[in-house]
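Residues per chain, in single letters:
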Amino acid sequence: MTKALKYAFRITHIDNIPHILRNGIVKADSPLRDDNYVSIGDQQVIRVRTEMAVDDRRISDYIPFYFGPRSPMLYVIQHGYNGVQSVEPWNIVYCVIRLDDVVNNNIDCVFTNGHALSKITTFFPKECLIGIDNIVKYDDVYSSQWDIETDIDLKRRKEAELLIKNDLPPQFIKGFVVYNEEAKQKMMMMGIDENKVVVAPGYYF
């Protein structure tokens, strides 16, 4: 039986969680932005995203989520490649949202069938999200590796993105994934119900 995509994931530094709990996941130019935000992204990729547009908006104007864990970007962040400052896995948190909530609440978004910066990637409107399993494959986005000798296009497909247009209020975050029990305890000290924090070291490298 084919597995269905149910969630989208955004990774962030654990120090950003208190602000996220109060304000949700917000854009860099939001009035609710965190002036003390700890960035863990690839600044070069972020700059390129400011130069590419979709629906008359820059890609950087959207809040990006992945449809599966263990993204190539996470690999870069954990290992400090491409000039990115390395971050220990216990300091990285997945914020998890439900795709059904995005659909049922008519949240403005687009999504892709691969890395948003790839020339062969297609963008789809929010109306197509209800049929995402016909566009983005579960086995692709949940693959633990991306051997280019076996499937040269898997890395691009694994990085399919959900791009949220506006700030996402905190009630849409249904849970969190962390690397170890110590990180879970830190999250609980922030006031998060322990049932909403899942320890899953397999989601990391």
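Residues numbered from 1 in each chain as written. Predicted model: local features only at pLDDT ≥ 70, side-chain atom pairs only at ≥ 80, totals over all residues. Heavy atoms only, no water.

Taking burial as the measure, the 8 residues of helix 3 (residues 72–79) include 6 buried ones, the bulk of the element. When we look at burial in helix 3, the residues that qualify are P72, M73, L74, V76, I77 and Q78. Note on helix 3: the residue one or two positions beyond its end, G80, has a positive phi of about 70°. (Buried < 20%, exposed > 50% of the residue type's maximum accessible area, 1.4 Å probe, protein only. Helix = DSSP H or I, 4+ residues; strand = E, 2+ residues; numbered from the N terminus.)

Quick look at the pattern of salt bridges now. All chains considered together, the criterion is met by 10 salt bridges. With a closest N to O distance of 2.9 Å, R58 and D61 form a salt bridge. Look at R58 and you get partly exposed, because its relative accessible area is 39%. Between K174 and D101 there is a salt bridge; the shortest N-O distance is 3.8 Å. Taken together, the positions of K174 in the loop between strand 8 (161–164) and strand 9 (175–178) and D101 in helix 4 (residues 99–104) put the pair 73 residues apart, joining distant regions of the chain. Note on K174: relative accessible area 37%, which makes it partly exposed. Judged by relative accessible area, D101 falls into the buried class, the value being 17%. One continuous salt-bridge network, built from bridges that share partners, spans D140, D151, D153, R156 and R157. (Salt bridge = Lys/Arg side-chain N within 4 Å of Asp/Glu carboxyl O.)

Here we take up the environment of I192. Residue placement: I192 occurs in the loop between helix 7 (181–189) and strand 10 (197–199). For the pair formed by I192 and N104, sequence separation is 88 residues and the distance between their alpha carbons is 25 Å. The residues touching I192, leaving out its near neighbours within four places in the chain, are I17, L21, F176, M187 and V197. (Contact = heavy atoms within 4.5 Å.)

It is worth stressing that arrangement in space is one thing and function is another; only the former is reported here.
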